[in-house]
Amino acid sequence: MEVENTPPPPTVAEEQELDRQKMEAIKQEAYEFDPNAPPEEKAAQLKKAAPPGLVLNAPKLSKPEASGIITDVDIPATNGTKSNLHSPTVNGSGMKSPTLPATPFVNGFPKAGEDDWSRTSGPPRLGSWTDEINLAELKSPDHQTWVAANLSDNFYGDWWHNAGVIVFACILTWFITLIRGGLAWIILVMATCATYYRTSIMRVRRNIRDDLTREFAKQRLASDVESLEWINSFLVKFWPIYSSVLEASITNTVDGILAVNTPGFLDSIRLTTFQLGSKPPRLDFVKTYPKTEIDIVEMDWKFSFTPNDTSDLTSKQIRDKINPKIVLEVRIGQGVLSKGIPIILENMSFSGHMKFKIKLQVPYPHIEKVDVCFLERPSFDFVLKPIGGDTFGFDIGFLPGLTGFIQEQVHANLGPMFYAPNLFTVEVAKMLGGAPIDQAVGVVQVTIHNAQGLKNSDKFSGSPDPYVVCSIDNGKELARTKTILESENPRWNETKHIIITTYNGNLTLNVFDFNDFRKDKELGSASFDMKQLEENPEHENVSLPIMVGTKQKGQIVCDIKFFPVLEEVKLDNGTVQPPPDLPTGILRYTVSQAKDLDASKSIIGQLSPYAVMLLNNRELHTTAIRKRNNSPIWEEFHEVLVTNKSKCTLGLKIMDDKGLAADPLLGNFDMKLNDLLKEMEKGNEWFNLAHAKTGKVKVRATWKPVAIKGALGGSGGYVTPIGVMRIHFQSAKELRNLEAVGKSDPYGRVLLNGIEKARTVVFTNELNPKWDEVLYVPVHNSKETITLEVMDAETMGSDRSLGAYSFPIATYVREDENGLYMEHSEKVPRSEGLILSKKGSAKGFLNFTVAFYPCLNVADPEEEDEEKKEKEQEEADAATSAVQPATSTDEVPTSAKMEKQNSTVSNGRTSDSESTKEKSVPRIRLTPEELLKYNCGLLIFKIIEGHIAKTDTHLEVLMDDMLYPSYSTAKIKTKDKKFDEIGDAVVRELDFSKITIRLRESSKDKEHGEDDIVAKLTGQTQETLRQCLNNPTMLTLKHNNGDVSKIKISLKYIPIKMSLDPSESINNMGTLRVDVFDASNLKSADRNGKSDPFCIFELNDEKVFKSKVLKKTLHPAWNEFFDVKIPSRTAANFIVKVYDWDLAGDSDFLGQARINLATLEPFTVHTATFKLTGKKGEEGNFGEIRLRLLFKSDYVIRSRQGSSTFSGTFAAPGKLVTGVAGAPLKVGGIAVSGIKGGASFIKRGIVGKPKSSAEALEEEQVMEETVAKGGGLKATSSGELQTVDSHNNPQISLNTLAEENLEQYPTTPNRNSLAPDRNHRRRKSATSIKSTSPSRPDTSGSGADLGVATICLHSASGFAARDLNMRGRVRVLGSKTKEILKSKSHKTTTGEVTWDETCSISCTADQQFQIYIEDDHLFNDKPLGEAMFAVDDTGTGKDTVIRVGTGQVVLKTSFKPSGSSANGGGSPKRRGFLGKSKA
């Protein structure tokens, strides 16, 4: 092994000698001046020694005009062949941009300034061009006293100083008298004190004068103006120095711009003379507004530049005056055969009145922006001589009307930008911070619906053919609608997207009349002030007047929405959080410059290149032509809205301008947007050109994500989630109270990248809510941010924030060594403070847990087909380019070598390319049958198109127990709508999951009720997936008025690696039926040794049922039943309490029993006797109660908490209620009442049928025998109960009396999905879909018959014997109470009355009713009592006596089931969609 001989390290002496030699070399290189030489000679020596190409004033490049192409989906296809996609090579790393060639010439001529001041007003000079004025020094008389001159101000002027002098004079006089001093001493003391007092009073007067002056100055600031003679005097002396430098700088800059933009038929264009004159601008006055915000400075400035005004000049000043003059020389021809034509502009004058509004900020540069505008139209004048020069030049202003026309054109162009109320904003902070001042701030989405009352001014032209052009302040056209032929009230219903760089300005909608041969005629314009978007980003149904001059000529209706650019956020800990990685955003594509272009394609060796910018192989923008320049510099950019970043490809073609001949290709460039962004992160900006011998191009791309809702944001921009975040909202404590009266109404919500994705229910009037809700939010990458925010719900106005907490999901998302995302199922309880603003303090705490469950990387057949087609197209294009003939013998090898280099050095990777390749994540390929075996997954739905029968609606998709939709479209304005929108939702249990598609009418109310639902379609998710998986299917929704809407939808399913928590399963929620049989051995509470017992059932501290009172018994037999919704069995606190009824005072407690619902098996009858205990759970002789319980699993919807009604579920602390993406829980299709039933159990069976006690006992024996044989019970969707064997086959129906009237269902399910039945079967299965009308409740899940109830209000008696005017009312109880009978008023003095009035209503057999008796008066009715009852469906015809208040009411009720027959045979009838019976 050989070892290299390394030289020994240098010694200290050697190092010192090296340092000395370096210093000597530096001294020799430094330039030394002769210290005795004059400044002019030093300056000349410096110019000779300076580098020959030092350029102090580099020409600024012209800003390209805005492009009318706004989105990547609207770009027209280019003509010609499609460009091939090549992987460009990176020309090294860290290469710097080439600088401009250093030259002392601009536009081929010497630069203005330096040695040549002939093109300006002269060299800079000190002094003024005005005469010197010798002013005598004016000295004000000195009135200071000796005390003021020699004594500090701290020792006189205040009241205690004067008091001290008086005390000092008295004591000193007493002392002089005491020592027998003379009168002279007294006079000396008096003189001293008088001098001190005079000095003190002068200071007091001065302070008073300063205070008065200051106060008067404040008043003058708001009303008067200030003169600026001091600054005018400064300008008079400073202008001769600065004007020449300013003129030279402007001349050089303009010459550089003219040089690169000179047309080919001209030799050159340059400024030969640029003089601003010797008289400086003048500031007439300034007005300040002191009463503004603390960070706003507002002033009005009046200024003028009138160099031709000689009224204030002397004769010498007039003789030496230099007039403003600009001479532009246009040289026609080439070389020697060229002639320069001077265009002279002189004697310019200008005056105006401007407003400046300065916005201050704390960070440097302390000025955020400056708003500038003219308060009135400025006045200007000039002399323009286009031909003739100074000698024979003719002022075109003498032509009649031309001067006024030019002035009006100037005002018309400057007005929308500068004239009040329009503002021109200068972003000072952005300019000094290096950011481009014209960068986009967001996207305005304009949906143009229709116009009304359009009139054609030409009466002979007929009806107009209108179309709308969108622009900013009547500028360049940015978007255009289609043309509607011959319509004065056209309907477009088109959506356009416009990128804006500032909120200042107006969005202008110009309406034109299309003409075939003539120029299109403008019918009027409407404008919208974009400043409104800062306060409210969404404006729907905006009606803008179409104005022609000052007259309105119709109106246009549109929606205007603003979506801002998502910027990086600085967190409280100082770290910078990058913006989220969204598929939609604004791309700023910049082509900077090119070099080493192939000059062999030009005969003279000089190219005139220009660049064509491409987006997805479609032309986006064309740069300017750089004449005779083989290394052109463009620095042009174009901003475009991209809908899908992952599929976006950027391209560039560099062409050589050949005039009339075809322009040859000098080279092209293609790269994926994501690859280009990655290269820019590495610092690579230079790329080799393909299809060229030599050449490199410098391009840049800047990406700004924008979260756009609607079709554009939901279609092509959809990104498949990597997993779901499980967020468990547990509770909150000590929240802010924003209400003046009462407390806040909090709810929690989850925001993903600032967009709401899920929310909990509202807790009314509560500062310590306990939600216990689980929300699932799909996430797309580890760079996203989750925000948990607590809001205060408001009935009017926007909801207010009570605080928020944000965290990056990267905390929970991790990848393994194979690139697969790992599960984070550890649910660690967290308690975080809620911060209202970024710099505010925490108020209130939120308790929650977070978990992450990844999605399986399942192969998508559609994506694989697209990738296969793209690969085949690329191979075909490569083969086509390989066989193309070459123009020269050496071109083919060079091009082939270039292609090889492109393939080996791709995306800037050289030797370490393999190590930097992205990890290839393996995909799982599953068949549809294998895919649907996963119980937890992500359902992706694509809404393609549809025919909507009712407009102004929203199409919503709901999953399982969701109250809030997983996805909601924008407002549908047309009947034939093309959506192309994609959404997703989490499926927790595919075997039991249901999907609902509904149309909801747009309403201003925040809480949408059932009345807003126009149509609804519900079906099993699993069966729907079988038919719609990767298969667009047309679904039909029926309206309650008979209309039909059709929606085409396609579904995908991605499994999730998640084990569902048992508390979130459907088996943990549902409906509990409780049969209250009897009680025994109760305690005695009355003197007679008996009690008047009744029982109350409570669920989570909420009363859900109260039985009737049985008098004088210790063994009551209530025989009643009720149904209650259980949102969570495992967390339910279900208690039965028995009381003794007392006429006066509170009822006496007899005992209670806790019922554990977690032990109940779903769909299994459980009869048990529960021992009663004391209030504190102590055991004793409290008796026992016998109950029968039946739990039916079903989805339950949570409702608003804190209300006084029993509607919905009774969510309370201590239970876990789950929802997906903000979906609280629901059963079936409607929210049902918490109390159902209440009729006698002797008359009604287990599902509401008439049963005797013997029949009930017989059914109980049958159930016990079935269970003993390994079978069980099963409840059908109609609510009937039947036994099943061990193979789940139906055996014996326990509802024999119900079989006559209930629909017969087939045993094999064949109609479970949303998709239409292919065989058009008329029957439905046990799990059939219900497309219900909101106007009629869905009772298919009830266990009772449908029919007609007849109620006869017969009589009343037992009320107090006095003058009464008695009237009875009968009401139907439910989610909405409805009065069905209002009797006549009958006067009585005995408390007895007979009405004998009858009413009928369609309902179920177990419908609850209420009887209400009142004393009728003209102004104030007095209630006498009320009670609940149920109709008698036994057919006995007996009277029903009900206790109401102090009396009793006699009713005659009957119930006739629909579709019943005498023998129970015949074909049963079923309900249609509209509630009508169908055979």
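Residues numbered from 1 in each chain as written. Predicted model: local features only at pLDDT ≥ 70, side-chain atom pairs only at ≥ 80, totals over all residues. Heavy atoms only, no water.

Draft legend 1. Focus on the pattern of salt bridges. Per the stated rule, a full pass over the model turns up 45 salt bridges. Of the charged contacts in the structure, one is a salt bridge between E376 and K302, with a shortest N-O distance of 4.0 Å. On the criterion of sequence distance, the pair formed by E376 in the loop between β9 (367-374) and β10 (379-385) and K302 in strand β6 (residues 296-305) is long-range, its members being 74 residues apart. A single salt-bridge network, built from bridges that share partners, covers R1367, R1369, R1371, E1379, E1414, D1416 and D1421. (Salt bridge = Lys/Arg side-chain N within 4 Å of Asp/Glu carboxyl O. Helix = DSSP H or I, 4+ residues; strand = E, 2+ residues; numbered from the N terminus.)

Draft legend 2. Unusual backbone geometry, seen in detail. Note the cis peptide between Y364 and P365, where omega equals 10 degrees. In this structure, P365 sits in the loop between β8 (337-360) and β9. Between A420 and the following residue, P421, the backbone shows a cis peptide bond with an omega angle of 10 degrees. Take P421: it is sitting in the loop between α9 (402-418) and β11 (424-426). Despite not being glycine, H691 has its phi angle at roughly 60 degrees, a positive value.

Draft legend 3. Molecular detail of helix α17 (residues 1021-1028). Along α17, the positions that sit buried rather than exposed are T1021, Q1022, T1024, L1025 and C1028. Summarising the axial view, the buried residues of α17 lie within an arc of 160 degrees, below the 170-degree limit, and thus occupy one face. Looking at the residues trailing α17, positive phi occurs at N1030, about 55 degrees. (Buried < 20%, exposed > 50% of the residue type's maximum accessible area, 1.4 Å probe, protein only. Arc of directions from axis to C-beta.)

Draft legend 4. The sheet that holds strand β41 (residues 976-987), seen in detail. Sheet architecture is open: four strands sit in the order β41-β38-β45-β44, paired in antiparallel fashion. If you trace the sheet from one side to the other, it starts and ends with β41 and β44 (1033-1038), each paired once. Direction aside, neighbouring strands of the sheet carry axes that sit 30 degrees apart on average. Summarising the sheet, β44 and strand β45 (residues 1044-1055) pair through six bridges and their orientation is antiparallel. Residue pairing in the sheet places L1035 in a bridge with I1047 of β45. In the packing of α17 onto the sheet, the strands contacted are β38 (937-947), β41, β44 and β45, and the crossing angle to β45 comes to about 95 degrees. (Pairing = 2+ DSSP bridges. Axes fitted to C-alpha atoms, helices over the stretch in contact; angles between N-to-C directions. Contact = heavy atoms within 4.5 Å.)

Draft legend 5. Seen up close, the sheet that holds strand β40 (residues 967-968). With antiparallel pairing, the four strands of this open sheet are ordered in space as β40-β39-β42-β43. The open sheet is flanked by β40 and β43 (1013-1020), the only strands paired with a single partner. Strand direction decides the pairing type here: strand β39 (residues 953-959) and strand β42 (residues 994-1001), joined by seven bridges, are antiparallel. The residue bridging H954 from the neighbouring strand is R1000, located in β42. On the sheet, α17 packs against β39, β42 and β43 and is oriented at approximately 90 degrees with respect to β43.

Draft legend 6. Expanded view of the side chain of S1107. Within the fold, S1107 resides in the loop between β48 (1102-1106) and β49 (1117-1126). A relative accessible area of 5% places S1107 in the buried class. A distance of 3.4 Å separates polar atoms of two side chains, one belonging to S1107 and the other to W1118. Filtering out sequence-adjacent residues up to four positions away, S1107 remains in contact with F1094, C1095, W1118 and E1120. (Polar contact = N/O pair within 3.5 Å; in protein donor to acceptor, adjacent residues only side chain to side chain.)

Draft legend 7. Looking closely at the environment of E1120. By the secondary structure assignment, E1120 is in strand β49. On the accessibility criterion, E1120 (5% relative accessible area) is buried. E1120 sits 67 residues away from L1187 along the chain, and the two C-alpha atoms are 10.0 Å apart. Within polar-contact distance, the side chain of E1120 engages the backbone nitrogen of K1108 at 3.0 Å.

Draft legend 8. Here's a closer look at the packing of aromatic side chains. Enumeration according to the criterion identifies 26 aromatic pairs in this entry. Ring centres of F380 and F382 lie 6.4 Å apart, and the angle between their planes is 15 degrees; this geometry places the pair in the stacked category. Look at F380 and you get buried, because its relative accessible area is 17%. Among the aromatic residues, those joined into a cluster by ring pairs are F303, F350, F374, F418, Y419 and F424. Over the ring of F637 we find R588; its NZ or CZ atom is 3.7 Å from the centre of that ring. Positioned over the ring face of F807 is R830, at 5.8 Å from the centre of the ring. (Phe/Tyr/Trp six-rings, centres within 6.5 Å; stacked < 30°, edge-to-face > 60°. Lys NZ or Arg CZ within 6 Å of the ring centre and 35° of its normal.)

Draft legend 9. Seen up close, the confidence of the model for the protein. Across the protein, the average pLDDT comes to 76, with 72% of residues at 70 or higher. Highest mean pLDDT in the protein belongs to strand β50 (residues 1134-1140) (94); lowest belongs to strand β55 (residues 1236-1240) (32). (pLDDT = per-residue confidence, 0-100.)

Draft legend 10. Quick look at the nonpolar core. Ranked by size, the top nonpolar core spans 34 residues in total, and within it I943, L955, L1025 and Y1053 carry the most contacts. Those elements that place two or more of their residues in this core are β38, β39, β41, β42, β43, α17, β44 and β45. Beyond its immediate sequence surroundings of up to four residues, Y1053 is in contact with L931, L932, Y934, N935, C936, G937, L938, L939, V987, L990, L1025 and L1029. The next biggest cluster of nonpolar side chains, apart from the first, holds 32 residues, and it includes F1105, L1150, A1153 and I1155. (Core = buried A, V, L, I, M, F, W, Y, C linked by side-chain atoms within 4.5 Å.)

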